[in-house]
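# Chain and residue survey
These are the residues of each chain, in order.
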Amino acid sequence: MNGTVTASAPGRVGIVGNPTDMYGGSVVSCSTKERARVRIQPADRLVLDAGTEQRVITSPDGLAPREDIFDIARVALSGTESADLLARISWSTDIPFRAGLSGSTALLVSMVAGLLAFRGIRHSPYHQAELVRRIEYQNLTFCGYQDAYMCTFGGLHYMDFRGKEFHLEYGTDPFATMEPMASDPALPLVVVITGGQRVSGGVHTPLRERWLVGETEVVEAYDAIAALAREGKKAILDNRLDTLGELMNENQALTQSLGGSNPEDDRFIELARRAGASGAKLAGSSGAIVALHDTPGELARVMMDAGAAGILEPSPGPGLEIEQEDP
């Protein structure tokens with residue numbers, strides 16, 4: 001009998017460059033302290049346990065997505081060919097829901113890695129990230145590569161996705177280039193949960209369609225945003241935080257020009273800048289912003305007074321972690 005497996009993965013915050021991970025671009029991103037966690041225990045049947053609800057899977061038909069809280073587990077089981085497992089799969093997360101922080105991807109990364117480990121299979125981080133991205137893209141939502149890679153690798157990374165813009169057949173495109181970076185002192189970032197929720201696929205799909213037909217405004221904007229990430233990498237390594245803030249603002253201006261933002265997020269971005277943030281932009285698709293401020297605690301108080309739903313302080317901690325108990 002297999003031993004119990006626990007797996008966890010962090011959320012992520014796009015600092016500069018997103019969403020060009022969908023377009024062969026470049027992104028600088030940092031993991032969050034908040035994580036998604038999965039526990040897989042031997043059992044006499046296949047049970048999905050979301051904490052508040054449970055489902056027993058008795059046939060392959062039970063793994064068809066139904067747009068409920070069990071879909072991530074269903075597609076992870078199907079995508080890893082684990083439908084015949086006898087196990088109890090339980091999970092939890094403290095990554096805010098629908099805040100553009102890759103909470104669903106972090107859960108999928110943990111789920112896929114945990115299921116494979118339960119079966120005695122381990123992948124390299126690159127293969128793991130590519131597999132998760134394929135499962136998510138084909139079964140859950142339109143998505144790029146940043147989320148799967150960052151939730152797997154964690155830390156503070158410059159990522160280069162050149163050669164991956166065409167969403168080729170799984171396994172035929174190159175791996176992303178992952179360059180870990182150190183920032184000393186740590187980047188003074190504040191993530192503000194705004195409540196301005198939109199589903200990620202609903203944000204990105206129309207822009208993807210405009211890019212595919214070669215709309216000049218979209219193509220040139222994403223080329224410019226990718227270049228900002230490459231400049232951002234240098235600004236971080238040179239400890240030029242004012243420059244990094246300017247690049248974040250340019251990133252946000254281009255995103256807004258394409259209609260990729262929303263009023264509630266925009267309101268908090270403007271408030272953060274008026275409160276002294278050198279840069280502020282969307283942290284992901286919507287629902288949270290990331291701001292660069294000399295005194296993060298001061299900005300956090302201003303944001304909460306303005307009605308923010310929550311505050312996070314991203315930290316370049318570990319990526320995917322797996323622990324396995326002896327049977």
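The rules behind these values
Residues numbered from 1 in each chain as written. Predicted model: local features only at pLDDT ≥ 70, side-chain atom pairs only at ≥ 80, totals over all residues. Heavy atoms only, no water. Axes fitted to C-alpha atoms, helices over the stretch in contact; angles between N-to-C directions. Helix = DSSP H or I, 4+ residues; strand = E, 2+ residues; numbered from the N terminus. Left-handed = near helix turned anticlockwise from the far one by under 90°. Contact = heavy atoms within 4.5 Å. Nonpolar A, V, L, I, M, F, W, Y, C, P; charged D, E, K, R; others polar. Buried < 20%, exposed > 50% of the residue type's maximum accessible area, 1.4 Å probe, protein only. Polar contact = N/O pair within 3.5 Å; in protein donor to acceptor, adjacent residues only side chain to side chain. Patch = residues over 30% accessible without salt bridge, like charges linked within 9 Å, V, L, I, M, F, W, Y side chains within 5 Å. Areas by Shrake-Rupley, 256 points an atom, 1.4 Å probe, with all protein chains shown as cover. Salt bridge = Lys/Arg side-chain N within 4 Å of Asp/Glu carboxyl O. Lys, Arg positive; Asp, Glu negative; His and termini not counted. Charge placed at Lys NZ, Arg CZ, Asp CG, Glu CD.

### A look at the packing of helix 2 (residues 103-118) against helix 3 (residues 125-139)
Relative orientation of the contacting elements helix 2 and helix 3 amounts to 115 degrees, with a least axis distance of 10 Å. Once helix 2 is placed against helix 3, the crossing between them reads as right-handed. Across the interface between the two elements, Ser-104, Thr-105, Leu-108, Val-109, Val-112, Ala-113 and Leu-116 of helix 2 pack against Gln-128, Leu-131, Val-132, Ile-135 and Glu-136 of helix 3. Residues of the contact of helix 2 with helix 3, tallied by class, amount to eight nonpolar, three polar and one charged.

### Some points on the side chain of Ser-110
Inspection of the secondary structure puts Ser-110 in helix 2. Residue classification places Ser-110 among the buried residues on the basis of a relative accessible area of 0%. Reaching out from Ser-110, the side chain makes a polar contact with the backbone nitrogen of Ala-9 at a distance of 3.1 Å. Not counting residues up to four positions away in its chain, the partners in contact with Ser-110 are Ala-7, Ser-8, Ala-9, Ala-36, Val-38 and Leu-320.

### Let's talk about the environment of Leu-292
Here Leu-292 lies in strand 10 (residues 288-292). Distance from Leu-292 to Gln-146, taken between C-alpha atoms, is 21 Å for residues 146 residues apart in sequence. If we skip the residues at most four places from it in the chain, Leu-292 touches Pro-188, Leu-189, Leu-241, Leu-244, Gly-245, Met-248, Ala-277, Ser-278 and Gly-279.

### A closer look at a negative patch on the surface
There is a patch of like negative charges on the surface, built from Glu-231, Asp-242, Glu-246, Glu-250 and Asp-294. At three residues, the largest contribution of residues to the negative patch is made by helix 7 (residues 241-257). Tracing the chain through its elements places Asp-242 in helix 7. Judged by relative accessible area, which is 57%, Asp-242 ranks as exposed.

### Side note on unusual backbone geometry
Geometrically, the link from Asn-18 to Pro-19 is a cis peptide bond, its omega value of 10 degrees lying close to zero. Residue placement: Pro-19 occurs in the loop between strand 1 (5-16) and strand 2 (26-42). The phi dihedral of Ser-102 is positive, around 65 degrees, even though this residue is not glycine. With respect to the helices and strands, the residue Ser-102 is situated in the loop between strand 5 (87-93) and helix 2. We classify Ser-102 as buried; its relative accessible area is 7%. One non-glycine residue, Asn-239, adopts positive backbone phi at about 60 degrees.

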